Amino acid sequence: MKAAILTDLTRCIGCESCVWACKEANGLSRADGAKKLSDTTYTTLERKGNVNVRRQCMHCEEPACVSVCPVGALQKSASGAVTYDANKCMGCRYCMIACPFGIPKYEWESVAPKVQKCTMCSERMGKGAKEPACTSVCPSGATVFGDRDALLREATRRIEAEPNRYVQHIFGQREAGGTSVIYLSGVPFEQLGFKTDVQMDPYPRLTWQVLSKLPNVVSVAGVGLLGVWWIIRRRDELGHKPHDHGASDHQPPLPEARGKDETK
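Residues numbered from 1 in each chain as written. Predicted model: local features only at pLDDT ≥ 70, side-chain atom pairs only at ≥ 80, totals over all residues. Heavy atoms only, no water.

**Side note on the side chain of T44**
Thinking step 1. Note on placement: T44 falls in strand 2 (residues 44–48).
Thinking step 2. The contact partners of T44, leaving out residues within four places of it in the chain, are V19, A34, K35, K36, L37, V53, R54 and R55. (Helix = DSSP H or I, 4+ residues; strand = E, 2+ residues; numbered from the N terminus. Contact = heavy atoms within 4.5 Å.)

**What about the sheet that holds strand 9 (residues 181–184)?**
Remark on secondary structure: sheet strands pair via backbone hydrogen bonds, oriented parallel or antiparallel.
Thinking step 1. The sheet built from three strands is open, its strands ordered 8-1-9 with mixed pairing. On the outer flanks of this sheet lie strand 8 (143–147) and strand 9, each paired with one strand and no other. Each neighbouring strand pair of the sheet contributes to a mean axis angle of 25 degrees, computed without reference to strand direction.
Thinking step 2. Two elements, strand 1 (residues 3–8) and strand 9, share four bridges in a ladder whose sense is parallel. Bridging across to strand 9, I5 finds its partner in V181. (Pairing = 2+ DSSP bridges. Axes fitted to C-alpha atoms, helices over the stretch in contact; angles between N-to-C directions.)

**Here we look at unusual backbone geometry**
Thinking step 1. Notably, E16 is not glycine yet its phi reads approximately 70 degrees, a positive angle.
Thinking step 2. With respect to the helices, strands and loops of the structure, E16 is situated in the loop between strand 1 and helix 1 (17–26).

**Quick word on the packing of aromatic side chains**
Thinking step 1. Inspection of the entire model under this criterion finds six aromatic pairs.
Thinking step 2. Measuring from centroid to centroid gives 6.4 Å for F101 and F171, while their planes differ by 70 degrees, and the two rings are edge-to-face. Remark: F171 occurs in the loop between helix 6 (148–161) and strand 9 and F101 occurs in the loop between helix 3 (94–98) and strand 6 (105–106); sequence separation between them is 70 residues. Of the two residues, F101 and F171, both sit in the buried class.
Thinking step 3. A residue is classified by how much of its surface remains accessible, and F171, at 2% relative accessible area, is buried.
Thinking step 4. Taken together, the ring pairs connect F101, F171, Y183, F189 and F194 into an aromatic cluster.
Thinking step 5. A cation over a ring is seen here: R55 above F194, with NZ or CZ 4.7 Å from the ring centre.
Thinking step 6. Across the ring face of Y106, the terminal group of R93 is positioned such that the distance to the ring centre comes to 4.8 Å. (Phe/Tyr/Trp six-rings, centres within 6.5 Å; stacked < 30°, edge-to-face > 60°. Buried < 20%, exposed > 50% of the residue type's maximum accessible area, 1.4 Å probe, protein only. Lys NZ or Arg CZ within 6 Å of the ring centre and 35° of its normal.)

The values are spatial; any link to function lies outside them.
So this is what it looks like as structure tokens:
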């Protein structure tokens, strides 16, 4: 099974059970509330007009954060979750820049800072839990856990069954190449603060399109730099070479001059 989460925003009652269950499962502080993603809040619930909007890591099918991590601290697991190994992390924060959804957060105030984000409770499930903490406590069925393909079929079924209830779009089906967290909504996603300007192609593929051209760029630049080095070196050699002013400059004194010098 490729694990995924379907969140139906039309069914969310705003109870925040998912937020507090996440904090408890991950040993996170409750002090900073539930409204903003941070290094101690992995899932949030905000009120946007008449809609309760839950947010968390999107767990991209081909994650940009994983592709840019130089030490392999972030990995896309076979189950579908994007996991994080703090012991490998070197704190470069490339993942924060690469993420098209702005998810990873940094422990700026920590003595030994790490990147923090939802890992879909991969450690919890590894210890025998059947699903993430957030989905296990949802009382209204607004957020459910299951196989991604099955959840996409369920989302499509709901839209077709109640076309007037839903926007005709499953957010996360194709965004950034597809994500393991998908959404249904009765209000256009851009009105709820979702990043609707993301590419539909996986971001690592866009990165490789650029990187694949680097060998040619480096080769051309290398030849150019070599030419500049040769010119500068040649000028230095010519600048330090003695000037040849003709044979007369190196002739010995005339005999008369030597004689006059010797009589003095």
